[in-house]
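Working through the structure, step by step
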Amino acid sequence: VQLQASGGGLVQTGGSLRLSCAASGSITRGNAMGWSRQAPGKQRELVARITGGGGRNYADFVRGRFAISRDNAQKTVSLQMNSLEPEDTAVYYCFAEPTEHGYNHWGPGTQVTVSS
């Protein structure tokens, strides 16, 4: 499995970005997918997660600002981020969970920087 994210960049406070992640390999509806982020000096934290059936989970800090979606046929997962704040500055990683036992698959990350 390989994951490749795109869409990061520099944006001002209040702006928007859309992250996309394309998966290749053995990814099916059975693999939940999502996004985590890691800011400098902090631990990686979950941002949003979506199952193959469309069930969604969001971190509390999202507060209705972000929306996760996926296309099972294209094996992609996207994160629409609105009302961005400087605290959202981090490297964002897409991931795919295993269908049974095992470890998450991770993409290489994409930098999101929100200027004040």
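Reading the values: the criteria
- Residues numbered from 1 in each chain as written.
- Predicted model: local features only at pLDDT ≥ 70, side-chain atom pairs only at ≥ 80, totals over all residues.
- Heavy atoms only, no water.
- Disulfide = S-S within 2.5 Å.
- Helix = DSSP H or I, 4+ residues; strand = E, 2+ residues; numbered from the N terminus.
- Buried < 20%, exposed > 50% of the residue type's maximum accessible area, 1.4 Å probe, protein only.
- Salt bridge = Lys/Arg side-chain N within 4 Å of Asp/Glu carboxyl O.

Our next topic: the state of the cysteines. Per the counting criterion, the structure on display carries 1 disulfide. There is a disulfide in this structure between Cys21 and Cys94, and the S-S distance comes to 2.0 Å. One disulfide, between Cys21 and Cys94, carries an S-S torsion of 45 degrees and so falls in the right-handed class. One end of the pair, Cys21, is in strand β3 (residues 17-24); the other, Cys94, is in strand β9 (residues 90-96), with 73 residues separating them in the sequence. Summarising the burial analysis for this pair, Cys21 and Cys94 share the class buried.

On to the pattern of salt bridges, then. Under the criterion given, the structure shown has 5 salt bridges. Among the ionic pairs, Glu85 bridges to Arg63, the shortest N-O distance being 2.7 Å. Placement of the pair is Glu85 in the loop between β8 (76-81) and β9 and Arg63 in the loop between β6 (56-58) and β7 (66-71), with a sequence separation of 22 residues. Take Arg63: its relative accessible area is 51%, and that puts it in the exposed class. Between Arg65 and Asp88 there is a salt bridge whose closest N-O contact spans 2.7 Å. With a gap of 23 residues between them, Arg65 in the loop between β6 and β7 and Asp88 in the loop between β8 and β9 connect regions that are remote in the sequence. Judged by its relative accessible area of 10%, Arg65 is buried. It is possible to trace a salt-bridge network through shared partners that takes in Arg37, Glu45, Arg65 and Asp88.

Taken by themselves, the reported measurements are silent on function.
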